[in-house]
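Take a look at the letters that make up each chain.
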Amino acid sequence: MTIQQNEGTLDRFARIIIGGALMLSTSYITMSNLLTFISLITGLYLMFSGLAGHCLIYKILGIKTCK
């Protein structure tokens, strides 16, 4: 079973940058525990999907940003 890429290069780059910023923000910005948890999970998902080139949400919605 192979996972087909459905993210373009620009999309992947943006996900990695935004995911990293979300994860770093939890260290420098004071926020509630729930917001910290949500930021970390969202940041991890964006980083993972950006590195893998595959987004489950895109697959469900039938979106492809790669050629």
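Reading the values: the criteria
- Residues numbered from 1 in each chain as written.
- Predicted model: local features only at pLDDT ≥ 70, side-chain atom pairs only at ≥ 80, totals over all residues.
- Heavy atoms only, no water.
- Helix = DSSP H or I, 4+ residues; strand = E, 2+ residues; numbered from the N terminus.
- Buried < 20%, exposed > 50% of the residue type's maximum accessible area, 1.4 Å probe, protein only.
- Contact = heavy atoms within 4.5 Å.
- Phe/Tyr/Trp six-rings, centres within 6.5 Å; stacked < 30°, edge-to-face > 60°.
- Lys NZ or Arg CZ within 6 Å of the ring centre and 35° of its normal.
- Expected span 1.5 Å × (residues − 1).
- Arc of directions from axis to C-beta.
- Patch = residues over 30% accessible without salt bridge, like charges linked within 9 Å, V, L, I, M, F, W, Y side chains within 5 Å.
- Areas by Shrake-Rupley, 256 points an atom, 1.4 Å probe, with all protein chains shown as cover.
- Salt bridge = Lys/Arg side-chain N within 4 Å of Asp/Glu carboxyl O.

Asks: It is not clear to me how the overall build of the protein chain should be interpreted in this structure. Could you clarify?
Replies: Secondary structure summary: the protein chain contains three helices and zero strands in total. With the principal axes as the frame, the protein chain shows a C-alpha extent of 40 × 20 × 20 Å. Within the protein chain, the proportion of its 67 residues that are buried is 27%. When contacts within the protein chain are restricted to residue pairs at least 6 apart in sequence, those whose partners lie at least 24 apart make up 74%.

Asks: Can you help me understand the packing of aromatic side chains in this one?
Replies: When we look at a pair of aromatic rings, we describe it by the centre distance and by the angle of the planes. For the coordinates displayed, the defined rule picks out zero aromatic pairs. The ring centre of Y58 lies 4.8 Å from the NZ or CZ of R15, which sits over that ring.

Asks: Help me understand helix α2 (residues 33–52) in this model?
Replies: Note that an α-helix has 3.6 residues per turn; residues three or four places apart therefore point the same way. End to end, α2 covers 28 Å across 20 residues, agreeing with the expected 28 Å (1.5 Å per residue, within 8%). Listed in full, the buried residues belonging to α2 are S39, G43, L46, S49 and G50. Looking straight down α2, one finds that the buried residues subtend no more than 140° of arc, so they occupy a single side. Set apart from the buried face of α2 by more than 90 degrees, the exposed residues are N33, L34, F37, F48 and L51. Each element contacted by the buried residues of α2 is listed here: α1 (9–28). Phi for G53, located one or two positions after α2, is positive at around 80°.

Asks: Where do I start with a nonpolar patch on the surface in this structure?
Replies: A cluster of nonpolar residues, L34, F37, I38, I41 and L44, forms a patch on the protein surface that exposes about 510 Å² of accessible area. Looking at the element boundaries, L44 is found in helix α2.

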